[in-house]
Amino acid sequence: MSAARVGSGLVDVFATPMLVALVEQTCYESVLPYLEEGQGTVGTLVNISHTSATPIGKRVWCESELVEVDRRRLVFKVKAFDEYGSIGEGVHERFVIDTARFMEKLQSKG
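Residues numbered from 1 in each chain as written. Predicted model: local features only at pLDDT ≥ 70, side-chain atom pairs only at ≥ 80, totals over all residues. Heavy atoms only, no water.

Caption draft 1: Highlighting a nonpolar patch on the surface. Together, Phe102, Met103 and Leu106 make up a nonpolar patch on the protein surface, roughly 250 Å² of accessible area in all. Looking at where Phe102 falls in the secondary structure, it is placed in helix α3 (residues 99-107). (Patch = residues over 30% accessible without salt bridge, like charges linked within 9 Å, V, L, I, M, F, W, Y side chains within 5 Å. Areas by Shrake-Rupley, 256 points an atom, 1.4 Å probe, with all protein chains shown as cover. Salt bridge = Lys/Arg side-chain N within 4 Å of Asp/Glu carboxyl O. Helix = DSSP H or I, 4+ residues; strand = E, 2+ residues; numbered from the N terminus.)

Pasting the structure below:
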């Protein structure tokens, strides 16, 4: 999960793309129990500041708060931490989708 390993930098620290993935996973999993059968969510906006480096091997986690629901749009306030304190924060948006219909539409792209 290091920047050097995922190609987002040259140093062995927790990579920003991995922070974004952690944010998306945290938000997705937080609403999964409330979705109807056949529904999912897709990420549509990530605005995250990665404010502190995390050494490889240290634990990282994310906390999310659902702060707005506008029909199918879900807006989350997120904060990320490592064993030393805050490493990032921001906003993430997801949309609730009908998974089958979403995949059908995707197939039409060829």
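The rest of the description comes next.
Caption draft 2: A look at the side chain of His92. Mapped onto the elements, His92 comes out in strand β4 (residues 85-98). A polar atom in the side chain of His92 sits 3.0 Å from the side chain of Arg94. What His92 contacts, discounting residues up to four positions off in sequence, is Val23, Glu24, Cys27, Gly43, Leu45, Val46, Leu74, Val75 and Phe76. (Polar contact = N/O pair within 3.5 Å; in protein donor to acceptor, adjacent residues only side chain to side chain. Contact = heavy atoms within 4.5 Å.)

Caption draft 3: Examining helix α2 (residues 16-31) more closely. An ideal rise of 1.5 Å per residue puts 22 Å on 16 residues; α2 measures up with 23 Å between its terminal C-alpha atoms. Those residues of α2 that sit buried are Leu19, Leu22, Val23, Thr26, Cys27 and Val31. Projected down its long axis, α2 shows its buried positions confined to an angular sector of 150°, all on one face. Lining the buried residues of α2 we find β1 (39-50), β2 (60-70), β3 (73-82) and β4. (Expected span 1.5 Å × (residues − 1). Buried < 20%, exposed > 50% of the residue type's maximum accessible area, 1.4 Å probe, protein only. Arc of directions from axis to C-beta.)

Caption draft 4: The arrangement of the sheet that holds β2 in detail. Ordered in space as β1-β4-β3-β2, the 4 strands form an open sheet in which the pairing is antiparallel. At either end of the open sheet lies a strand with only one pairing partner, and these are β1 and β2. The mean inter-strand angle of the sheet, taken between neighbouring strand axes irrespective of direction, is 25°. Strand direction decides the pairing type here: β2 and β3, joined by 10 bridges, are antiparallel. Bridge pairing in β3 links Asp70 to Arg73. This element, α3, spans β1 and β4 of the sheet and lies at about 85° to β4. (Pairing = 2+ DSSP bridges. Axes fitted to C-alpha atoms, helices over the stretch in contact; angles between N-to-C directions.)

Caption draft 5: Main features of the environment of His50. Mapped onto the fold, His50 is located in strand β1. By relative accessible area, which is 25% here, His50 ends up partly exposed. Each C-alpha atom, one on His50 and one on Thr16, is 6.6 Å from the other, the two residues being 34 residues apart in sequence. Of the polar contacts made by the side chain of His50, one reaches the side chain of Thr16; its length is 2.7 Å.

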